Structure formats: structure tokens, C-alpha cells
Amino acid sequence: MGLLRHLFSSERWSSLPTPPRLEELKKEATPILAVDCFDGARFEFNKSFSPKFALNHNITMGSTAVPSGYEFGANFGDENVLLASRIDMAGRLNGRINAQVSDALTLRMQAQVSPEADAGASSCKLDADYRGSSFTAGGSYMAGGLLSGTFLQSVSQSLALGAEGFYHVHKHVNGGAAAARCVWGHNGEHVATAKAGTFGNVELCYQRKVSEKVGLATELQYYHNQFCTFGVGYEFRLRNSTFRGLIASDTSCSAVLEERVSPGINLTLSGNLNHKKKEHKFGIGLQCGQ
């Protein structure tokens, strides 16, 4: 009885760490594995008019396969509210609102409005996230009738278990997934995550913080009777630059170098080579302003 009282006591649960949202299950590995490779040239100019308001201009000059374009954005934010929007030359408008209602509750809304008449060109998503002392929970609604909910609970200082489920109101389709997250080592040097869904999909991820400047990550995604992919990524953080690379199972190699030329000016060089398809792309970008 004493053991059961200890396992289910409020003092024990309150002493456990708060895990991230289930959507951020592999948040340490995502920046390493999500290498931003683009083709052509990209120029981004950010202008801050006050600590709360800023404008953004984004110009892309792509190759024959990627058309050139221009995007204009405006952002407003403080400690409790963030408003962000962006519109391109085709009239597609993307907007996002984040509201920190309290220390535990966060509300979000994402919307896209497009002049195109195609189905799915416009969309809207509403999210609500709650952070407890040792758990995180969330729910979302997507235009079209898709409802989903997530929950992640710490069961020890290093292990968190959770689940997610969804239901489509109009198509009457439902499903879910179970998830696990394990953190160990000095200052969380090792992070391993696993996620298995009802449709035969399995995602495994591992991230290792070798040092303050070096990080490694690997990921495997398996979809039953469909495909299986994996990749290995690495990150080097130097004094004024960051170098990321990714080697994927589809025989592609990607690399991105972000160099801080001077305060407020960043230079980006990216490259991608697919040996099997004999395709390649190279991009150069310049970012001015904070």
C-alpha cells in the first residue's frame, strides 16, 4: 500500500519534469534533420519599427523549375500575443495568431486564404495547448472536420509516455498513435523518441549532443507496405557560422552553411545532390535585419 501511495501521490507527479508538446516530441533533432535546401537565390530583409512591430520582404529568384517570387510579411508581438502574416504575388495570404492566455494555456490559429478555386487552397486550424506540472495536453480542429487530441505524461525523470488520436467528422475516419520520449545523460545529452500509429506507421528518432558545438541526429520512418526511409544528420556550431548536413536513404546529400557576416547580416549557402536521380541544386541567400 505504501508503494501504491507513493506512485499515485501528487507530490511525486509534481516533482517530475514537464515534457514538450507531442507535436514537439523530437524537437532537439528536428533542426538538424530539417536541412533547408533551396534552388537559386533568396534575399530577405527585416525591418523592426519597434520592439513589437516588424516588416519582412522576401525575394526568391529560382531556376527554370522554381519560379521567382516576392512575399511581404508583417509581424506584431509582445509577451502574450503574436500576430504574423505573409502574402505573395499570387494573392495567397498566410496568417498566424498565438495567444498566451496564462502560464499553462496557449491558443493558436493558423489560416491560409487563396484566390484559387481549388479545393484545399484555403484552410484554417485552431489549437489549444495546456502545460501541467508533469504533462502536456492539446486539442485541435482543422477546417473540413478533422478533430485531434494529444497527451504526453512524464512517468519518471527521463521517460515520458503519451498518445494522440484523430477523428474526421465527415469521412468518419479515425486513428491514433502511441509515443514515448526518453532523455538521459548529463544535461540531456541523449534524446530518443518513438511513435507508432494505427495505420502501420513507425517513427524512430535519436539525437546526441556531442558537445556545445557538435550535434548528431538520425531518424527512421516506416509505413507498412508503402516505404521506409532513414537519414543521418549532423550540426557544427562555430563562432560565427553554423553548418548542417543530411545523408538520406534516397541517395541524396544535403548541406547548409549559415554565416554571420556582421551584426544583422547573414549569408546562407545550400546544396543538394541526389546520386540516384542525378539531380542537384544550389542556393545562395542573404538576410538583412533582425
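We now turn to the structure provided with this report. (Residues numbered from 1 in each chain as written. Predicted model: local features only at pLDDT ≥ 70, side-chain atom pairs only at ≥ 80, totals over all residues. Heavy atoms only, no water.)

## Some words on the state of the cysteines
So, step 1. Under the defined criterion, the tally for this structure stands at 0 disulfides.
So, step 2. Looking at the unpaired Cys 205, the closest cysteine sulfur is the one in Cys 182, lying at 13 Å.
So, step 3. Cys 205 supplies the cysteine sulfur nearest to Cys 228, a cysteine that is in no disulfide, at a spacing of 14 Å. (Disulfide = S-S within 2.5 Å.)

## Side note on the pairing of strand β17 (residues 252-262)
So, step 1. Bridging between strand β16 (residues 241-248) and β17 involves 7 bridges; their strand directions are antiparallel. The partner of Ser 241 across the bridge, within β17, is Glu 259.
So, step 2. The antiparallel pairing of β16 with β17 creates a hairpin that spans 3 residues between the two strands, and Thr 251 there sits at a positive phi of about 65 degrees.
So, step 3. The hairpin formed by β17 and strand β18 (residues 265-274) contains 2 residues between the paired strands, and Gly 264 there has a positive phi angle of roughly 90 degrees. (Pairing = 2+ DSSP bridges. Helix = DSSP H or I, 4+ residues; strand = E, 2+ residues; numbered from the N terminus.)

## So, the side chain of Thr 150
So, step 1. Here Thr 150 shows up in strand β9 (residues 146-154).
So, step 2. If we ignore the near neighbours within four places in the chain, the residues touching Thr 150 are Leu 22, Glu 23, Thr 136, Ala 137, Gly 138, Ala 163 and Glu 164. (Contact = heavy atoms within 4.5 Å.)

## What about the nonpolar core?
So, step 1. Ala 29, Ile 32, Leu 33, Val 35, Cys 37, Cys 205, Ala 217, Leu 246 and Val 256 together form the largest nonpolar core, which totals 9 residues.
So, step 2. If sequence neighbours within four positions are ignored, Ile 32 has contacts with Gln 207, Gly 215, Leu 216, Ala 217, Gly 233, Tyr 234, Glu 235, Arg 244 and Gly 245. (Core = buried A, V, L, I, M, F, W, Y, C linked by side-chain atoms within 4.5 Å. Buried < 20%, exposed > 50% of the residue type's maximum accessible area, 1.4 Å probe, protein only.)

## Some remarks on the pairing of strand β7 (residues 123-131)
Every other side chain in a regular strand lies on the same face of the sheet, so the side chains alternate between the two faces.
So, step 1. Alignment of strand β6 (residues 105-113) against β7, held across 8 bridges, turns out to be antiparallel. Within the sheet, the bridge partner assigned to Thr 106 lies in β7 and is Asp 129.
So, step 2. Of the pairings in the sheet, the one linking β7 to strand β8 (residues 135-142) comprises 7 bridges and is antiparallel in character. The residue of β8 that forms the bridge with Lys 125 is Met 142.
So, step 3. Two successive antiparallel strands, β7 and β8, enclose a turn made up of 3 residues.

## Focus: the packing of aromatic side chains
Each aromatic ring pair is summarised here by two numbers: the centre-to-centre distance and the angle between the ring planes.
So, step 1. Applying the stated criterion across every chain, the model contains 8 aromatic pairs.
So, step 2. Each member of the aromatic cluster is reached from another via a ring pair, and the members are Tyr 130, Phe 135 and Phe 151.
So, step 3. Over the ring of Phe 38 we find Arg 42, and its NZ or CZ is 3.9 Å from the ring centre. (Phe/Tyr/Trp six-rings, centres within 6.5 Å; stacked < 30°, edge-to-face > 60°. Lys NZ or Arg CZ within 6 Å of the ring centre and 35° of its normal.)

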